[in-house]
Amino acid sequence: MTTLPQTASLAPEIALDLGRLTDALRIAEGGFIAFALFDTFPTRDAMIREIALRLAGEVQIRQIGLTSERPYLHEYLTPPDAGRRGAYFVYGFEGISHQARQQAFGALQVKREAITRLEVPVVLWLAEGNLVDLARRAPDFFSQRGGLYDFRSPDRAPQRAEELSQTIVQMLGTYSLSLFSPEELRKRFMLFEGLLKQSQAEAEPPPEILAYLHFDLGNIHDSLNEWDQALAHYQQAREIRERLGDTAGQAECLGAIGSVYLSQKNYPRAKDFLSQAMSLRPDEAIYHNNLGSALVQLGDFEGAEKEYGLRVFLRPADALNALTSLGVLAYRRGDVEAGQKRLGEALALWEIAWKRRLQSPASLLANLTLVLLGLGQKEQALESLRSALNQLWPSERPEDFLPDFELLAQSPNPPAGIDEALALLRRV
């Protein structure tokens, strides 16, 4: 049996990442995906045992060893025991056949939403070559990573994990973490469209693959503000999911269609489709968030507060937008104290959202502006808004941010600086 060397005898880089991964799993919320690099099996096994030992009684570690006969990660996953934190350690990519490994990586790309939706942290243990291959074949799954931890011997791995991560990101043409440039989106559109035509040409096209490709093509068109094309692909994906009896998949498509209508400012249609999505998946936080946004524009502020509140309740760790909206709505009805409480909670989450690039830079900075205005920090707020306007993406317009600021201005006691903020947005 391999034993772990004393921490003091470990290379400093490895000891540091051992502590970092252990600490991350202590606090990680659902949807956390991490990658652990190793170069020898004894080291990998020893690290897994040490982390499990350190987390004993706190986090239930479940180990999954993939096989050539069963290479699909999502088939192994089950919710954690009630009342106990859990995490999955996944390995075996190096021991399965080349074909099975490619199937495993392809399934990570196709089933990424199902894996993150389980809300249990997942750590994949990989050799460097397989990590690079995974990034190529499952770029959207790789882009959702919450950490990259390096347990390779420093003398055999001159390029450490973060450098390797940047190399992979450059290879994929991506930036931030999960957001793609318009040029990269066009490349991905060509790739997925080619795969769709190839699949449709088969004698028996695999319906799950067709649904996935239509949905991802819809995502690409949505990101490029090509909404009619996005709706067409989402609708085709929805019809396939309905035939398959895939309730969660149907809800995902209905939610995406509702989101497109929200972007088009067709708020009644947005409300209709988001309500349908929510009826199938009432526990999906994003549907409540987007429905709240539609209800605000329809003048149903009480209904909007209810939906935003459910969004926060279901997944508080990344509820930045919902908390900000709740703060603004409280201000609007004259409850400054409640508004500032919610905005303070939003501010506590903002730095995490910025580091993870959960939205575009301009959107995050505009959000920060609302928070700071409500908390009485006028000068910092206006500086944040100027920075947002300097970082607009080609698909973004200043007027996209106006509704939230106009809502805050409707407060019986509007915060100082709101008029200047509105003037900045309207002038640009």
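Rules and cut-offs
Residues numbered from 1 in each chain as written. Predicted model: local features only at pLDDT ≥ 70, side-chain atom pairs only at ≥ 80, totals over all residues. Heavy atoms only, no water. Helix = DSSP H or I, 4+ residues; strand = E, 2+ residues; numbered from the N terminus. Contact = heavy atoms within 4.5 Å. Areas by Shrake-Rupley, 256 points an atom, 1.4 Å probe, with all protein chains shown as cover. Axes fitted to C-alpha atoms, helices over the stretch in contact; angles between N-to-C directions. Parallel < 35°, antiparallel > 145°, perpendicular 65-115°, else oblique. Left-handed = near helix turned anticlockwise from the far one by under 90°. Nonpolar A, V, L, I, M, F, W, Y, C, P; charged D, E, K, R; others polar. Pairing = 2+ DSSP bridges. pLDDT = per-residue confidence, 0-100. Expected span 1.5 Å × (residues − 1). Buried < 20%, exposed > 50% of the residue type's maximum accessible area, 1.4 Å probe, protein only. Salt bridge = Lys/Arg side-chain N within 4 Å of Asp/Glu carboxyl O. Phe/Tyr/Trp six-rings, centres within 6.5 Å; stacked < 30°, edge-to-face > 60°. Lys NZ or Arg CZ within 6 Å of the ring centre and 35° of its normal. Arc of directions from axis to C-beta. Lys, Arg positive; Asp, Glu negative; His and termini not counted. Polar contact = N/O pair within 3.5 Å; in protein donor to acceptor, adjacent residues only side chain to side chain.

## Thoughts on the overall build of the chain
At step 1: Across its full length, the chain carries 20 helices and 5 strands.
At step 2: Look at the contacts in the chain between residues 6 or more apart in sequence, and 68% of them connect residues 24 or more apart.
At step 3: Working note: accessible area of the chain is about 19,500 Å², and carbon and sulfur atoms make up 51% of it.

## Some points on the environment of Leu389
At step 1: For Leu389, the position within the fold is in helix H18 (residues 378-389).
At step 2: Residues Leu389 and Ser363 lie 26 residues apart in sequence; the distance between their C-alpha atoms is 9.4 Å.

## Things to note about the packing of helix H1 (residues 12-27) against helix H2 (residues 41-54)
At step 1: Direction vectors running N to C along H1 and H2 enclose 45 degrees, while the axes themselves pass 10 Å from each other. The angle between the axes of H1 and H2 places the two elements in the oblique class. The handedness of the crossing between H1 and H2 is right-handed. Counting all contacts with H1, which are made through Ile14, Leu18, Gly19, Leu21, Thr22, Leu25 and Arg26, the residues of H2 involved are Met47, Glu50, Ile51 and Arg54.
At step 2: Within the contact of H1 with H2, the residues separate by chemical class into 6 nonpolar, 2 polar and 3 charged.

## Here's the deal with the packing of helix H19 (residues 402-409) against helix H20 (residues 418-427)
At step 1: Closest axis-to-axis distance for the H19/H20 pair is 10 Å, and the angle between their directions is 155 degrees. Judged by the angle between their axes, H19 and H20 are roughly antiparallel. Once H19 is placed against H20, the crossing between them reads as left-handed. Contacts between H19 and H20 involve Leu402, Phe405, Glu406, Leu408 and Ala409 from the first element and Ile418, Ala421, Leu422, Leu425 and Arg426 from the second.

## A closer look at the sheet that holds strand E3 (residues 85-91)
Hydrogen bonding along the main chain pairs the strands of a sheet, whether they run parallel or antiparallel.
At step 1: What the 5 strands build is an open sheet, ordered E2-E3-E4-E1-E5; its pairing is parallel. Because the sheet does not close on itself, it has two edges, and the strands there are strand E2 (59-65) and strand E5 (145-150). Averaged over all adjacent pairs, the angle separating strand axes in this sheet is 20 degrees, with direction ignored.
At step 2: The pairing of E3 with strand E4 (residues 122-126) spans 3 bridges and is classified as parallel.

## Side note on the confidence of the model for the chain
At step 1: Confidence along the chain averages 85 in pLDDT terms, with 88% of residues attaining 70 or more.
At step 2: Within the model, the stretch residues 169-179 combines pLDDT values under 50 with 29 contacts to residues more than four positions away or in other chains.

## Some remarks on H1
At step 1: Compared with the 22 Å implied by 1.5 Å per residue over 16 residues, the 23 Å span of H1 between its first and last C-alpha is a close match.
At step 2: The set of residues buried in H1 consists of Ile14, Asp17, Leu18, Gly19, Leu21, Thr22, Ala24 and Leu25.
At step 3: Where the residues of H1 are buried, they touch H2, E2, E3, E4 and E5.

## Topic: the pattern of salt bridges
At step 1: Summed over all chains, the structure comprises 25 salt bridges.
At step 2: Among the ionic pairs, Asp216 bridges to Arg112, the shortest N-O distance being 2.7 Å. With Asp216 in helix H9 (residues 207-223) and Arg112 in helix H4 (residues 112-117), this pair connects stretches of sequence that are 104 residues apart. The same class applies to Asp216 as to Arg112, namely buried.

## Digging into the packing of aromatic side chains
At step 1: Going through the model one piece at a time under the given rule, you end up with 9 aromatic pairs.
At step 2: Ring plane angle 50 degrees and centroid distance 5.2 Å describe the contact between Phe215 and Tyr234, whose orientation is recorded as tilted. Of the two residues, Phe215 is situated in helix H9 and Tyr234 in helix H10 (residues 227-244); the sequence distance between them amounts to 19 residues.
At step 3: On the basis of relative accessible area, Phe215 is assigned to the buried category, the value being 12%.
At step 4: Through successive ring pairs, a cluster of aromatic residues spans Phe35, Phe141 and Phe142.
At step 5: One Lys or Arg, Arg70, reaches over the ring of Tyr76 and ends 4.1 Å from the middle of that ring.

## Brief notes about the pairing of E4
At step 1: In terms of burial, E4 is largely enclosed, as 5 of its 5 residues are buried.
At step 2: Side chains Val122, Leu124 and Leu126 of E4 all project onto a buried face; the interleaved residues Val123 and Trp125 project onto the opposite face, where all are buried too.
At step 3: Pairing of strand E1 (residues 33-37) with E4, which is carried by 5 bridges, proceeds in the parallel orientation. Among the inter-strand pairings, Ile33 is bridged to a residue of E4, identified as Val122.

## A closer look at H20
At step 1: For H20, the full list of buried residues reads Ile418, Ala421, Leu422, Leu424 and Leu425. Within H20, the buried residues cover an arc of 160 degrees as seen down the axis, which keeps them to one side. The outward face of H20, more than 90 degrees from its buried face, is lined by the exposed residues Asp419, Arg426 and Arg427.
At step 2: Along its buried surface, H20 packs onto helix H17 (361-374), H18 and H19.

## Brief notes about the side chain of Arg101
At step 1: If you trace the backbone, Arg101 turns up in helix H3 (residues 98-110).
At step 2: The buried charged residue Arg101 lacks any salt bridge, with Asp133 as its nearest oppositely charged partner at 5.0 Å.
At step 3: At 2.9 Å, the side chain of Arg101 forms a polar contact with the backbone oxygen of Phe93.

## Side note on unusual backbone geometry
At step 1: In this structure, Asn225 is a non-glycine residue whose phi angle is positive, near 60 degrees.
At step 2: Here Asn225 lies in the loop between H9 and H10.
At step 3: One non-glycine residue, Lys265, lies in positive phi territory at about 65 degrees.
At step 4: In this structure, Lys265 sits in the loop between helix H11 (247-263) and helix H12 (267-280).

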